[in-house]
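Letter by letter, the chains look like this.
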Amino acid sequence: MAENLSFFEKVNKNFDKAAQFTEYPQGLLDQIKICNNSCHFTFPIKRDDGTIQTIHGWRAEHSHHKLPTKGGIRYSTLVNEDEIVALAALMTYKCALVDVPFGGAKGGIQLNRNEYSESELERITRRYTYELIQKNYIGPGVDVPAPDFGTGENEMAWILDTYLTMSQDKLDAIACVTGKPIDQNGIHGRKEATGRGVVFGLEEVCSYEDDMKQIGLHPGLRGKTVVLQGFGKVGYPAAKYLTEAEAIVIGIAESDGAIYNPKGIDIEKVSTFRAETGSIRHCSDATFIENPNDVLELECDILIPAALENQLTAENAPRIKAHIIAEAANGPTTTKADEILQKRGALIIPDTFLNAGGVTVSYFEWLRNLSHVGFGRLARRYEETAYNAMLLFIEQATGYQFSDDERGPLHGADETDLVNSGLQDTMVNAYQEIREIRLKHGKDVVDSRTAAFISAIHKIAQSYMQLGIFP
Ligand code: NAD
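In this text the structure is predicted, and so the values were computed from the model without any measurement. (Residues numbered from 1 in each chain as written. Predicted model: local features only at pLDDT ≥ 70, side-chain atom pairs only at ≥ 80, totals over all residues. Heavy atoms only, no water.)

A. Main features of the overall build of the protein. Counting secondary structure elements, the protein contains 17 helices and 12 strands. In terms of overall dimensions, the protein is globule-like: its C-alpha atoms have a radius of gyration of 23 Å, near the 23 Å expected for 471 residues. Seen through its principal axes, the protein has C-alpha atoms that stretch 75 × 60 × 55 Å. Taken across its 471 residues, the protein has 55% of its residues classed as buried. Counted over contacts in the protein with a minimum sequence separation of 6, partners at least 24 positions apart contribute 69%. Only carbon and sulfur atoms are counted for the fraction: they give 51% of the accessible area of the protein, which is about 20,400 Å². The average position of the 47 basic charges and that of the 65 acidic charges among the side chains of the protein differ by 2 Å. (Helix = DSSP H or I, 4+ residues; strand = E, 2+ residues; numbered from the N terminus. Rg over C-alpha atoms; globule rule 2.2 N^0.38 Å. Buried < 20%, exposed > 50% of the residue type's maximum accessible area, 1.4 Å probe, protein only. Contact = heavy atoms within 4.5 Å. Areas by Shrake-Rupley, 256 points an atom, 1.4 Å probe, with all protein chains shown as cover. Lys, Arg positive; Asp, Glu negative; His and termini not counted. Charge placed at Lys NZ, Arg CZ, Asp CG, Glu CD.)

B. Just the packing of helix α13 (residues 357-371) against helix α16 (residues 415-441), in detail. In contact at an axis separation of 10 Å, α13 and α16 are set at 135 degrees when each is read in the N-to-C sense. Considering the angle they form, α13 stands oblique to α16. In terms of crossing hand, the pair formed by α13 and α16 is right-handed. Facing α13, whose interface residues are G357, T360, V361, F364 and R368, α16 presents E415, V419, G422, L423, T426 and M427. Here the contact of α13 with α16 is built from residues that sort into 5 nonpolar, 4 polar and 2 charged. (Axes fitted to C-alpha atoms, helices over the stretch in contact; angles between N-to-C directions. Parallel < 35°, antiparallel > 145°, perpendicular 65-115°, else oblique. Left-handed = near helix turned anticlockwise from the far one by under 90°. Nonpolar A, V, L, I, M, F, W, Y, C, P; charged D, E, K, R; others polar.)

C. Summary view of the pattern of salt bridges. On inspection of all chains with the given rule, the structure shows 32 salt bridges. Put simply, E327 and R449 hold a salt bridge, and the shortest N to O gap is 2.9 Å. Here E327 is found in the loop between β11 (324-326) and α11 (335-343), whereas its partner R449 is found in helix α17 (residues 448-466), with 122 residues between them in sequence. For E327, a relative accessible area of 0% translates into the label buried. Three or more residues are tied together by salt bridges with common partners; here these are R74, E83, K106, D148 and E309. (Salt bridge = Lys/Arg side-chain N within 4 Å of Asp/Glu carboxyl O.)

D. Region of the structure containing the site of the ligand. Inspection of the region around the ligand gives 23 residues, with R74, D148, G150, T194 and E254 positioned closest. Coverage of the ligand by the protein amounts to 87% of the 830 Å² it exposes when considered alone. Among the elements of the structure, α6 (190-205) and β7 (248-254) are those that each provide at least two residues to the shell around the ligand. (Near = heavy atom within 4 Å.)

E. Inspection of the sheet that holds strand β9 (residues 287-289) at higher detail. Strand order in this open sheet of 7 strands is β9-β8-β7-β6-β10-β11-β12, and the pairing throughout is mixed. Each edge of the open sheet is held by one strand with a lone partner, namely β9 and β12 (347-349). For this sheet, the mean inter-axis angle between neighbouring strands, taken without regard to orientation, is 20 degrees. (Pairing = 2+ DSSP bridges.)

F. Highlighting the sheet that holds strand β3 (residues 69-76). An order of β1-β2-β4-β3-β5 is seen for the 5 strands of this open sheet, with the pairing classed as mixed. For this open sheet the edge positions go to β1 (37-46) and β5 (143-147), each flanked by a neighbour on one side alone. Taken over all neighbouring pairs, the strand axes of this sheet differ in orientation by 25 degrees on average, direction set aside.

G. Structural detail: the nonpolar core. Counting 96 residues, the largest nonpolar core has I32, Y93, L202, I252, I304, I324 and F353 as its most contacted members. With 12 residues, the single largest contributor to this core is helix α3 (residues 81-97). The residues touching L202, leaving out its near neighbours within four places in the chain, are L221, L242, I302, I304, I324, A326 and L354. (Core = buried A, V, L, I, M, F, W, Y, C linked by side-chain atoms within 4.5 Å.)

H. Seen up close, the packing of aromatic side chains. A complete count under the given rule lists 12 aromatic pairs for this structure. Ring plane angle 45 degrees and centroid distance 6.2 Å describe the contact between Y208 and Y431, whose orientation is recorded as tilted. Taken together, the residues Y208 in the loop between α6 and α7 (209-214) and Y431 in helix α16 connect sequence positions 223 residues apart. The ring of Y208 carries the charged tip of R435 above its face, separated from the ring centre by 3.8 Å. (Phe/Tyr/Trp six-rings, centres within 6.5 Å; stacked < 30°, edge-to-face > 60°. Lys NZ or Arg CZ within 6 Å of the ring centre and 35° of its normal.)

I. Looking closely at the pairing of β5. Burial runs high along β5: 5 of the 5 residues are buried. Pairing analysis gives 5 bridges linking β3 to β5, with the strands arranged parallel. Each residue of the ladder has a partner; that of G72, found in β5, is A146.

J. Structural view of helix α4 (residues 118-134). If you check α4, its first and last C-alpha atoms are 24 Å apart, about what 17 residues at 1.5 Å a residue would give, namely 24 Å. Along α4, the residues that are buried comprise E120, L121, I124, T125, Y128, T129, E131 and L132. The buried residues of α4 occupy an angular sector of 170 degrees when projected down its axis, which confines them to one face. Looking one or two places after α4, you find N136, whose phi comes out positive at around 60 degrees. (Expected span 1.5 Å × (residues − 1). Arc of directions from axis to C-beta.)

K. Just helix α5 (residues 153-166), in detail. Compared with the 20 Å implied by 1.5 Å per residue over 14 residues, the 20 Å span of α5 between its first and last C-alpha is a close match. Every buried residue of α5 is listed here: E155, M156, A157, W158, I159, L160, T162 and Y163. In this structure, the buried residues of α5 make contact with β3, α4 and β5.

L. Representation of the side chain of E365. By secondary structure assignment, the location of E365 is in helix α13. A relative accessible area of 0% means that E365 is categorised as buried. A polar side-chain atom of E365 sits 2.8 Å from a polar atom in the side chain of K180. (Polar contact = N/O pair within 3.5 Å; in protein donor to acceptor, adjacent residues only side chain to side chain.)

M. Just unusual backbone geometry, in detail. Looking along the chain, the bond that leaves L67 and enters P68 is cis, with omega of 0 degrees. Assignment of secondary structure puts P68 in the loop between β2 (52-61) and β3. One non-glycine residue, D99, lies in positive phi territory at about 55 degrees. Within the element layout of this structure, D99 appears in the loop between α3 and β4 (103-110). A positive phi angle, close to 70 degrees, is found at N185, a residue other than glycine. Structurally, the position occupied by N185 is in the loop between α5 and α6.

Written as structure tokens, this is what we have:
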């Protein structure tokens, strides 16, 4: 029966489960849960062949308890109001969990981007931005979009340019959107941030010996076998950094087929092959599997859904063998699948935590845009000079000569170093909070998803109380 729940109902069901472990008045819980605003835009575009088409787009601002609201924009045929509201709600809980001071939002346009030319996509994106501006759904202090499924740096640059053209406040206008190209006021590390955050998160999850023992695994990522669904902006960097951490990616599922190699897939080779052919089909060194969903059922330690919602369902969950389900996508596990997988003893790492790297680094980009100075610019050379002076002092005092390798890590931190350090700190702290909540209530009583929601509810409730709305 639970399989028939809409996406937003599913999110609310998880919220209600967690709310039982808090003592806030029902009225406050209802306010936290409800979506504050949502808007459906329709507008015409002229296709390259001269025909006119009506485009459907949405933007939802789930919670205004902190401003601006923040959330990606996706281009997918599955986009509808329920999906956008549900994703906006997840953004609220995610931001609260990782202490990023935004309310949650999400936007989307119902289309398959492969069916449109570059210039059609530009016209659609610019017109969508115009609608956002007209309805006050965008602005550095209002609502700040970012990339999501089916969108990327190009779309963010078009959004920025449209907003700049129409904005009165030119000074801070560059903070109206994140995930921008570096030379358009983007930040180093944002492109890879969600995938990198997934790996920082998994490193922390797998570092607890007793938790790993409970699911029959050794601590650490080294040697763990991984199957990945979706080789996009999240999936590709996650696979890359997992390989660097000596995990072994044995299967990758894409929308048009999958590849499998029990000895490990060469991630860069697949990335280059896909860039050249537009697909991972028949990439050498791996066996091609026609039905991508078959790969999800392979024997492996970690299964990472990194494509879309509702991928692990009551239908396929009984055949999924992974010990850890790492939700890099938003909402990949249905309520029923969650029950089946947990009953079998799998550890589910929830989306609200695991894919929070994207919004975390978007927060850094927004701060960088408002401060108009790159991270590391003021301190880097000073730190480097101080490190060198310290090393020289030690060398003179002890007679020891530091090698180049020993000196290597002691350079002044640049923007990438600082972004990655802030991201890692965020992921580690958030997981420790989740784990502490589980230990407090009992690991068998509260799962990681419920713990993540409990943490988020506490933080949002506190925020409302500080505003004096619910004294
Ligand atoms: P993307 O468009 O860059 O990549 C998605 C990939 O999944 C594409 O390569 C697509 O071909 C593939 N795919 C689509 N349907 C599939 C299917 N049925 N089976 C296998 N592969 C399939 O999107 P993305 O930005 O990587 O987002 C993926 C997920 O991560 C989404 O749920 C998104 O909401 C979530 N997410 C993204 C970010 C971000 O910063 N981009 C941040 C947080 C969460």
